[in-house]
Amino acid sequence: MTSTSNNRTTDHLHDIDSAAAYLRCGRRLVYRLVAERRLTHTKAGRSLRFWQSDLDTYLDAGTVRSTGPSSTAV
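Predicted, not measured: the structure shown is a model, and the values here were computed from it.

With their axes 9 Å apart at the nearest point, helix α2 (residues 16-23) and helix α3 (residues 27-35) run at an angle of 100° to one another. In terms of axis orientation, α2 runs roughly perpendicular to α3. For the pair α2 and α3, the contacting residues are I16, D17, A20 and L23 in the first and R27, V30 and Y31 in the second. Within the contact of α2 with α3, the residues separate by chemical class into 5 nonpolar, no polar and 2 charged.

As structure tokens, this is what we get:
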């Protein structure tokens, strides 16, 4: 069992509109990320649902970590 599954009891389930608002993007981008299998989702009938922890994982995957002060900094 993954840590994501363990957090689902306190996790929030988003629909397409609230997922787009949470990611601060449009619905079209969310649909594209689902089609490209870059965003984990669940289907409830014909509707897509997104666990907040999965949205956070997607955001964290795009985070660039700083390596510290650069010697070329101005």
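This part takes up the nonpolar core. Core analysis: the largest hydrophobic core is formed by 11 residues, namely I16, A19, A20, L23, V30, L33, V34, L39, L48, F50 and L55. Those elements that place two or more of their residues in this core are α2, α3 and β3 (47-51). With 4 residues, α2 is the largest single contributor of residues to this core. Once you skip the residues sitting within four places of it in the chain, V30 turns out to touch I16, A20, L23, C25, L39 and F50.

This part covers unusual backbone geometry. Positive phi, close to 55°, is recorded for R24, a residue that is not glycine. With respect to the element layout, R24 can be found in the loop between α2 and α3. In the Ramachandran plot, R37 falls in the positive-phi region, its phi being about 60° despite a non-glycine side chain. With respect to the helices, strands and loops of the structure, R37 is situated in the loop between α3 and β2 (42-44).

The antiparallel open sheet is built from 3 strands, whose spatial order is β1-β3-β2. The open sheet has two free edges, formed respectively by β1 (13-14) and β2, since each of these has just one partner strand. Each of β1 and β3 touches helix α4 (residues 52-61); the most contacted strand, β3, lies at about 70° to it.

The tally for this structure, following the rule as stated, stands at 3 salt bridges. Notably, a salt bridge pairs D17 with R27, separated by 2.8 Å at the nearest N-O pair. Taken together, the positions of D17 in helix α2 and R27 in helix α3 put the pair 10 residues apart, joining distant regions of the chain. Residue R27 is classed as partly exposed on the basis of its relative accessible area of 40%. For E36, the salt bridge is made with R38, and the minimal N-O distance between the two is 3.1 Å. By relative accessible area, E36 is classed as partly exposed at 40%. Linked by salt bridges that have partners in common, R32, E36 and R38 make up one network.

Calculation criteria
- Residues numbered from 1 in each chain as written.
- Predicted model: local features only at pLDDT ≥ 70, side-chain atom pairs only at ≥ 80, totals over all residues.
- Heavy atoms only, no water.
- Axes fitted to C-alpha atoms, helices over the stretch in contact; angles between N-to-C directions.
- Helix = DSSP H or I, 4+ residues; strand = E, 2+ residues; numbered from the N terminus.
- Parallel < 35°, antiparallel > 145°, perpendicular 65-115°, else oblique.
- Contact = heavy atoms within 4.5 Å.
- Nonpolar A, V, L, I, M, F, W, Y, C, P; charged D, E, K, R; others polar.
- Core = buried A, V, L, I, M, F, W, Y, C linked by side-chain atoms within 4.5 Å.
- Buried < 20%, exposed > 50% of the residue type's maximum accessible area, 1.4 Å probe, protein only.
- Pairing = 2+ DSSP bridges.
- Salt bridge = Lys/Arg side-chain N within 4 Å of Asp/Glu carboxyl O.

None of this, on its own, says anything about what the molecule does.
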